[in-house]
Amino acid sequence: MTVLIPLVLGMAVLPSSQTPDLIQSWVEETAFNGVIRIETGEGEGQAWSWGLADPQSGRPLTPDSRFQTGSVEKYFASIAVFALMDEGVLSLDAPISSYLPDYRVDTGDQLTLRTLLSNTSGLPNDLRNAFSRIANGEQDVVDAQSVAEAVADYASGDLAFEPGAHFDYALSNWLLVQHLLEEVTGLPYPQVRQRYVFDRAGMTQSGGYVHDLSEADPAVSNIAIGYDPSDPAGQGDYWTPRFFKGSYTTAQDLIVLEQALEAGEVLSDVALREFRTIQVPDQNYAYGGRYREVELCDAVWTASAQSGSNGATNITALYVPGLKAGVAMLTNVDESQGEMFDISIQVLAAQSICTD
């Protein structure tokens, strides 16, 4: 049964009855176990939490609990790429062989950052082979592989189709992107992400982990561990090998990132316009993330609609730059991201965010 936790807003602790009726009703109907944060453009967000962060200890979630980002990591990596484009280090349409001279030339000459970041590269999803090996008892062997070795084994296969021809949500794209960022900067990918994304945006509650969130580096408190309430053994999020870097964040930091992007604190205006340009229309996919149209305030607005999952953990962040308003939702109990986006739009529609 979901446990209701008081709302923490700034230094004040308010009873859960202060939660907007629409949210409270949805939480009760769905037994939502997670965190919701609303930004209405007035400069002060509101956040609520319900349920458990760790079912074994009974530790409750708080509005600042940290969750694994899942595919939102792709969004972070893409931002880092665009930040390096601003510095003249990278280009969207140069062949990646110009940045990775040791990568297989026939493939590297065809691939670009544009096709990698839009999941249209044609690179096969061979990273699944690593997870198959782990399942077959080779966890230590796979975990000992360097990033370069992993790229050779899992991100260097024959192209499945001509780059740009199709959308394919292949994890191998992102292993290759992380490797490329390390090679051109001379820094480990977590440091690249910290410098160009977290620090620039002021995301003070975000960071990286090794294997899973319980092995964050440096260690962090208040983490949300994914679990299945109906299965006592169904606890924990997917374990990933050391060479494939993951991250964690909070509801507040998801909103802070969108605010910083809009304020020009992360990317230049030129880079931001391209970053938000849809590359795969039927997927609403730009570079590492999605943008969609939403109807609010008797108008249609373009919204950043980011989502990620890992095991039972699911997170969504819907932000409308034109209204400076958004909703971040994070849960460590499996929940439909589609429903999370739907309620986010309803919540924004119910707020006083429209201007004359």
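Keep in mind it's a predicted model, so treat the numbers as computed, not measured.

Trainee: I'd love a proper account of the packing of aromatic side chains, names of residues and values included.
Mentor: For the coordinates displayed, the defined rule picks out 10 aromatic pairs. Relative to Tyr285, the ring of Tyr169 has its centre 6.3 Å away and its plane inclined at 85°; by these criteria the two rings are edge-to-face. Here the residue Tyr169 occupies a position in the loop between α7 (147-154) and α8 (171-185), and Tyr285 occupies one in the loop between α11 (269-275) and β12 (291-296), the gap between them amounting to 116 residues. By relative accessible area, which is 1% here, Tyr285 ends up buried. Ring pairs connect the aromatic residues Tyr75, Phe82, Phe275 and Tyr287, which therefore count as one cluster. Over the ring of Phe341 we find Arg292; its NZ or CZ atom is 5.8 Å from the centre of that ring.

Trainee: Run through the side chain of Ser156, naming residues and quoting values.
Mentor: One can find Ser156 in the loop between α7 and α8. The class for Ser156 is buried, based on a relative accessible area of 16%. Among the polar contacts listed, one links the side chain of Ser156 to the backbone oxygen of Val151, at a separation of 2.7 Å.

Trainee: Can you explain the pairing of strand β5 (residues 46-50)? Please cite residues and give values.
Mentor: The element β5 is largely enclosed, with a buried count of four among its five residues. Bridging between strand β4 (residues 34-39) and β5 involves five bridges; their strand directions are antiparallel. Across the sheet, Ile36 pairs through a bridge with Trp48, a residue of β5.

Trainee: Tell me what's going on with the side chain of Thr240, and back it up with residues and numbers.
Mentor: Tracing the chain through its elements places Thr240 in the loop between β10 (216-217) and β11 (246-249). The class of Thr240 is buried, set by a relative accessible area of 10%.

Trainee: Explain the sheet that holds β11 residue by residue, including any values.
Mentor: The strand order β8-β11-β9-β10 describes an open sheet built from four strands, whose pairing is antiparallel. The strands lining the two open edges of the sheet, one partner per strand, are β8 (67-68) and β10. In terms of strand pairing, β8 meets β11 through two bridges, oriented antiparallel. Looking at the pairing, Phe67 lines up with Thr249 of β11.

Trainee: Describe the nonpolar core, with residues and values.
Mentor: In this structure, Leu175, Leu176, Phe243 and Leu267 are the most contacted members of the largest nonpolar core, which totals 74 residues. The element that contributes the greatest number of residues to this core is helix α2 (residues 72-86), accounting for 10 residues. For Leu267, the residues in contact, after removing those within four places along its chain, are Ile79, Phe82, Ala83, Asp86, Leu261, Leu272 and Phe275. Membership of the second largest hydrophobic core comes to 25 residues, among which are Phe32, Val320, Ile343 and Ile353.

Trainee: Explain the pattern of salt bridges to me, and be specific about the residues and the numbers.
Mentor: Going through the model one piece at a time under the given rule, you end up with nine salt bridges. Close ionic contact of Arg114 with Glu274 constitutes a salt bridge, the shortest N to O distance being 3.4 Å. Remark: Glu274 occurs in helix α11 and Arg114 occurs in helix α4 (residues 113-117); sequence separation between them is 160 residues. By relative accessible area, Glu274 is classed as partly exposed at 24%. For Asp143, the salt bridge goes to Arg242, with nearest N and O atoms at 3.7 Å. Of the two residues, Asp143 sits in helix α6 (residues 139-143) while Arg242 sits in the loop between β10 and β11, which places them 99 residues apart along the sequence. Among the charged side chains, a salt-bridge network with shared partners connects Asp93, Arg114 and Glu274.

Trainee: Tell me about α7, and name the residues and values.
Mentor: Turning to α7, its buried residues are Val147, Ala150, Val151 and Tyr154. Along the axis of α7, the buried positions cluster into a sector of 100°, meaning they face one direction only. Looking at the buried positions of α7, the neighbouring elements they touch are α5 (127-135), α6 and α8.

Conventions we followed
- Residues numbered from 1 in each chain as written.
- Predicted model: local features only at pLDDT ≥ 70, side-chain atom pairs only at ≥ 80, totals over all residues.
- Heavy atoms only, no water.
- Phe/Tyr/Trp six-rings, centres within 6.5 Å; stacked < 30°, edge-to-face > 60°.
- Helix = DSSP H or I, 4+ residues; strand = E, 2+ residues; numbered from the N terminus.
- Buried < 20%, exposed > 50% of the residue type's maximum accessible area, 1.4 Å probe, protein only.
- Lys NZ or Arg CZ within 6 Å of the ring centre and 35° of its normal.
- Polar contact = N/O pair within 3.5 Å; in protein donor to acceptor, adjacent residues only side chain to side chain.
- Pairing = 2+ DSSP bridges.
- Core = buried A, V, L, I, M, F, W, Y, C linked by side-chain atoms within 4.5 Å.
- Contact = heavy atoms within 4.5 Å.
- Salt bridge = Lys/Arg side-chain N within 4 Å of Asp/Glu carboxyl O.
- Arc of directions from axis to C-beta.

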